[in-house]
Amino acid sequence: MSLIQLRGATKVYRVGEQEIRALDGVDLDIAEGDFVSIIGPSGSGKSTLMHLIGCLDTPSGGSMVVGGQDLSRATADDLSRMRSREIGFVFQSFNLLPRLDVVGNVELPLIYANVPAKERRRRAEEAAKSVGLGDRLANRPSQLSGGQCQRVAIARALVNNPRILLGDEPTGNLDSATGETVLGLLGELNRAGKTVVLVTHDPGIAARSRRVIELRDGKIVGEGRP
Amino acid sequence: MALRIGLGEIASHKFRSFLSMLGVVLGVSSLIATMALTRGIEEGMRTFMQQMGGLELVSVVPNEPGGLMFEFANLSPGRTLRDAVALKGAAGLVSHASPELEHPAVVSRGDGGGGERRRARGVFPDHFVIGMHGLEAGRFLTDLDVDRGTRCVVLGSSVASQLFPGTPVADVVGRTVRIGDSPFTVVGVLKLQEREEQARARKAGRKVPTYRWDPFRQKNESVLIPFSTMFHEFRSGDRSENATPALPGAPAKAEGAPNSMESIRLDTLTVRIGDLRHFRAALLQIRAVLDLTHRGVDDYDLETREDWFDRVESSVRAARLSGGLISAISLIVGGIGIMNIMLASISERVREIGIRLAVGARPRDIFRQILVESMLISFIGGMIGIVASLGLIEVLKLISPTENVPVLTLDGILFSVAFAVFAGLVSGIHPALKASRLDPITALRYE
Ligand SMILES: Nc1ncnc2c1ncn2[C@@H]1O[C@H](COP(=O)(O)OP(=O)(O)O)[C@@H](O)[C@H]1O
Ligand SMILES: [Mg+2]
């Protein structure tokens, strides 16, 4: 079975009387070690799909299995455990805690995985160094550039050694040069064995992945291999 | 871990945290102060009661016999010397008995000077123990004095100094005083009895405080002579108030017949119980003996200090309760303050909570974190409250009467802080629940 498997997955939002089918019967298989790009116009359901894969949300219908866990039957604690062990999520807006320094932000997932303090610090520093932030360990997000912030977020996503790395437009807030280094980093991680799923608007970026999936109105309308 | 996060959170919002602590600070300091205050009152009461005379004393007082007994009231001889003898002999739990006769008279020096109206009392040696007296000079009355009916007198401290001002007490012993017209030889002078603060002030050379109600005054104004001397000298002329049918074997007395020492009605009868642990049993024994000597007529009642102590204790308890209640209310208000600030801080931190959830925090981790923060705030507030209470107690010491100096106790401090932390816990539950129920995606989107 593939690492990520969706069968007729739907996500329905209800806003007053109106029903919004953000995802409408999605079938998708992603194998371990794959590098997948998801493209599509704004509002097509890309983020919704990423949230489902990232175990931040559960589908309204259909079946969905991530890393062996059946998400249609998962409790809040199951989802937390999945996010803590299996998934690293990189957001467009970095989502760092402003009051913590680089090490503090990177070690956050380890706190909730009950890793002892010393070990936590060692692994956080190691992860920060691996994304090229070895000389910025004590800086706070406000003292870092956008590219550096996103690298902190990647280090945080990596620190628990998850199998799946997700990025929802991770370069959307970066200029193209820094975006390039961030993408280079993700490519490297994929080569090192991580399964990477990215949402992007940029066809150039999509072209670097192994699979491109196109969404429209909550449905997969096309799939290709660049 | 939650502790460290909580401390960081408090440290980074010092002013806000302080504001939310304020209520707890006030609550804890007033709670500690109230407890110290009531403890002080309690302690004051207790030393006072100790000085006053212990729980061991039981007064036998006359009482209107109730119901049917009224018809038979005349059967009873009333409180007499026989009661005292019987109690001491037959009630094993009674260690001392002090029957007393009184006689109001002018007491003056041998030369007739310094006369003042006093209440002379005829007593037995047991009176010394029951009155909790001490001797300043000379000796107390002995069994021999009572047997022989000697003309000896023991003076209370203030009587001695009033009659013989400036004379050392040792020299007062041996002098003559007159009770009415009869001369008596002073054989002893009793120790001055006073409250602790009075003694302290006297020692320090300060002005000795006086009290409107001074329970020691009567003791210091004692004029004590042997019971038998009292009877023969001053009271043998008394007529008995009613015909007292004789006890079996005793000669009958006609109405208005002169009293004997055995049958004269006592003015007071006080007994002392040897062992407080058997207080209840002792009361039963006393009743059993007196029922016999009074021929089953319940024309007496037993008055114990316990009733009085109970009243004092219950009023102290009431003071403690109302003080505690006020402080508890301020702590609850403090708790509500914490709750408000925690709720505000949560809506400020929705995004942070979203981030923590996204990286793997479980709802219960969030719950615990908010709860720990709220408890930390109240704990730190409690600590500040302790410091504040120390100041508050100093102020209270200045304004409270000397006998009720507030007493700070560890119990009080621990209880107050524990209560504060509990208030923090309770007021943290709602915000913590609210925070832990946030949906990660909604929380992450929150601006
Ligand atoms: N929490 C929500 N409540 C209601 N509608 C939502 C919510 N989240 C997303 N949607 C709707 O679902 C659709 C898909 O959104 P999204 O997945 O964010 O699209 P994309 O990321 O591709 O721009 C949109 O029409 C959006 O308005
Ligand atoms: Mg989106």
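Report follows, based on the coordinates. Remember, it's a predicted structure, so these values are computed and weren't measured experimentally.

Moving on, we come to the sheet that holds strand 5 (residues 69–70) of chain A. All names here are of chain A. The 4 strands are arranged 2-1-4-5 in an open sheet whose pairing can be described as antiparallel. The outermost strands of the open sheet, each flanked by one partner alone, are strand 2 (18–30) and strand 5. Bridge count for strand 1 (residues 4–15) against strand 2 is 10 bridges, and the pairing is antiparallel. If you follow glutamine 5 over to strand 2, its bridge partner there is aspartate 29.

Another point: the packing of helix 3 (residues 81–90) of chain B against helix 11 (residues 279–293) of chain B. Residue and element names in this part refer to chain B. Contact geometry for helix 3 and helix 11: axes closest at 10 Å, N-to-C directions at 140 degrees. Judged by the angle between their axes, helix 3 and helix 11 are oblique. When the axes of helix 3 and helix 11 are compared, the crossing they make is right-handed. In this structure, helix 3 contributes Asp83, Ala86, Leu87 and Ala90 to the contact, and helix 11 contributes Ile286, Val289, Leu290 and Thr293. Split by residue class, the contact of helix 3 with helix 11 holds 6 nonpolar, 1 polar and 1 charged.

Attention now goes to the interface of chain A and chain B. Taken together, the contacts link 20 residues of chain A with 25 residues of chain B. When the two sides are added together, the surface that chain A and chain B hide from each other amounts to roughly 2000 Å², 58% of it contributed by carbon and sulfur. At the junction of chain A with chain B, the criterion picks out 2 salt bridges. Put simply, glutamate 352 of chain B and arginine 99 of chain A hold a salt bridge, and the shortest N to O gap is 3.8 Å. Summed over the shared surface of chain A and chain B, the number is 5 residue pairs in polar contact (both at pLDDT 80 or more). Taken together, the elements giving at least two residues each to the side of chain A that touches chain B come down to helix 2 (76–85) and helix 4 (108–112) of chain A.

Once that is clear, we can look at the pairing of strand 1 (residues 57–62) of chain B. Residue and element names in this part refer to chain B. Both strand 1 and strand 9 (residues 268–273) contribute to a ladder of 4 bridges, which runs antiparallel. The partner of valine 60 across the bridge, within strand 9, is leucine 269. Here 5 bridges tie strand 1 to strand 10 (residues 300–304), and the two strands are oriented antiparallel to one another. Bridge assignment links valine 60 to a residue of strand 10, and that residue is leucine 302.

This paragraph deals with the side chain of serine 98 of chain B. All names here are of chain B. With respect to the helices and strands, serine 98 occurs in strand 2 (residues 94–109). The exposure class of serine 98 is buried, given its relative accessible area of 0%. In terms of polar contacts, serine 98 uses its side chain to reach the side chain of glutamate 100, at 3.3 Å. Setting aside chain neighbours within four positions, we find serine 98 in contact with His127, Ile130, Thr268, Leu269 and Thr270.

Here the focus is the pattern of salt bridges. For the structure shown, the criterion picks out 37 salt bridges over all chains. We note a salt bridge from glutamate 214 of chain A to arginine 216 of chain A, for which the minimum N-O separation is 3.0 Å. For arginine 216 of chain A, a relative accessible area of 41% puts it in the partly exposed group. A single network of salt bridges, built from pairs that share partners, joins Arg99 of chain A together with Arg349, Glu352, Arg356 and Glu373 of chain B.

Another point: the pairing of strand 8 (residues 223–226) of chain B. Residue and element names in this part refer to chain B. Of the pairings in the sheet, the one linking strand 3 (residues 116–123) to strand 8 comprises 4 bridges and is parallel in character. Bridge assignment links glycine 122 to a residue of strand 8, and that residue is isoleucine 225. The pairing of strand 5 (residues 152–155) with strand 8 spans 2 bridges and is classified as antiparallel. Within the sheet, the bridge partner assigned to valine 154 lies in strand 8 and is leucine 224.

Bringing the packing of helix 12 (residues 305–348) of chain B against helix 14 (residues 363–399) of chain B into the picture now. Residue and element names in this part refer to chain B. Close contact between helix 12 and helix 14 brings their axes to 11 Å; oriented N to C, the two are set at 135 degrees. Taken as axis vectors, helix 12 and helix 14 run oblique relative to one another. Two packed elements cross with a definite hand, and for helix 12 against helix 14 that hand is right-handed. Contacts between helix 12 and helix 14 involve Ile338, Met342 and Ile346 on the former and, on the latter, Ile370, Glu373, Ser374, Ile377 and Ser378. Across the contact of helix 12 with helix 14, the residue classes break down as 5 nonpolar, 2 polar and 1 charged.

Turning our eyes to something else, we now look at the site of ligand 1. Of all residues adjacent to ligand 1, which total 13 residues, the nearest are Gly43, Gly45, Lys46, Ser47 and Thr48 of chain A. Glycine 43 of chain A has a polar backbone atom sitting 2.8 Å from an oxygen atom of ligand 1. Contact distances for ligand 1 include 3.3 Å between a nitrogen atom and a side-chain N or O atom of arginine 445 of chain B. Protein contact buries 69% of the 560 Å² of open area that ligand 1 shows by itself. Of all the elements in the fold, those that place two or more residues in the shell around ligand 1 are strand 1, strand 2 and helix 1 (46–53) of chain A. Among the elements that line the shell around ligand 1, the one with the most residues is helix 1 of chain A, at 3 residues. For the shell around ligand 1, the residue count by class is 5 nonpolar, 6 polar and 2 charged.

With that settled, the discussion passes to the packing of aromatic side chains. For the structure on display, the rule yields 5 aromatic pairs over all chains. Taken together, a centroid distance of 4.6 Å and an interplanar angle of 15 degrees make the contact between phenylalanine 89 of chain A and phenylalanine 91 of chain A stacked. Residues phenylalanine 89 of chain A and phenylalanine 91 of chain A agree in their burial class; the two are buried. With 5.1 Å between their ring centres and 35 degrees between their planes, phenylalanine 124 of chain B and phenylalanine 227 of chain B make a pair best called tilted. Taken together, the residues phenylalanine 124 of chain B in the loop between strand 3 and helix 4 (127–130) and phenylalanine 227 of chain B in helix 10 (residues 227–235) connect sequence positions 103 residues apart. Sitting over the face of the ring of phenylalanine 184 of chain B, arginine 151 of chain B holds its NZ or CZ atom 5.5 Å from the ring centroid.

Before going further, it helps to spend a moment on helix 8 (residues 196–204) of chain B. All names here are of chain B. Among the residues of helix 8, those classed as buried are Glu197, Gln198 and Ala201. In a view along the axis of helix 8, the buried residues occupy a sector of 100 degrees, so they form one face of it. After helix 8 finishes, the residue glycine 205 shows a positive phi value of roughly 75 degrees.

Of note, arginine 217 of chain B is situated in helix 9 (residues 217–220). Put simply, arginine 217 of chain B and serine 158 of chain B are 59 residues apart on the chain and 8.5 Å apart in space, counted from C-alpha to C-alpha.

All names here are of chain A. Read from one edge of the open sheet, 6 strands run 6-7-8-3-9-10, paired in mixed fashion. The open sheet has two edge strands with one neighbour each: strand 6 (87–90) and strand 10 (219–224). Across the sheet, the axes of successive neighbouring strands diverge by a mean angle of 20 degrees, strand direction being ignored. The pairing of strand 9 (residues 211–216) with strand 10 spans 5 bridges and is classified as antiparallel. Bridge pairing in strand 10 places glutamate 214 opposite glycine 222.

Rules used throughout
Residues numbered from 1 in each chain as written. Chains lettered and ligands numbered in written order. Predicted model: local features only at pLDDT ≥ 70, side-chain atom pairs only at ≥ 80, totals over all residues. Heavy atoms only, no water. Pairing = 2+ DSSP bridges. Helix = DSSP H or I, 4+ residues; strand = E, 2+ residues; numbered from the N terminus. Axes fitted to C-alpha atoms, helices over the stretch in contact; angles between N-to-C directions. Parallel < 35°, antiparallel > 145°, perpendicular 65-115°, else oblique. Left-handed = near helix turned anticlockwise from the far one by under 90°. Contact = heavy atoms within 4.5 Å. Nonpolar A, V, L, I, M, F, W, Y, C, P; charged D, E, K, R; others polar. Buried area = accessible area lost by both parts, 1.4 Å probe. Salt bridge = Lys/Arg side-chain N within 4 Å of Asp/Glu carboxyl O. Polar contact = N/O pair within 3.5 Å; in protein donor to acceptor, adjacent residues only side chain to side chain. Buried < 20%, exposed > 50% of the residue type's maximum accessible area, 1.4 Å probe, protein only. Near = heavy atom within 4 Å. Areas by Shrake-Rupley, 256 points an atom, 1.4 Å probe, with all protein chains shown as cover. Phe/Tyr/Trp six-rings, centres within 6.5 Å; stacked < 30°, edge-to-face > 60°. Lys NZ or Arg CZ within 6 Å of the ring centre and 35° of its normal. Arc of directions from axis to C-beta.

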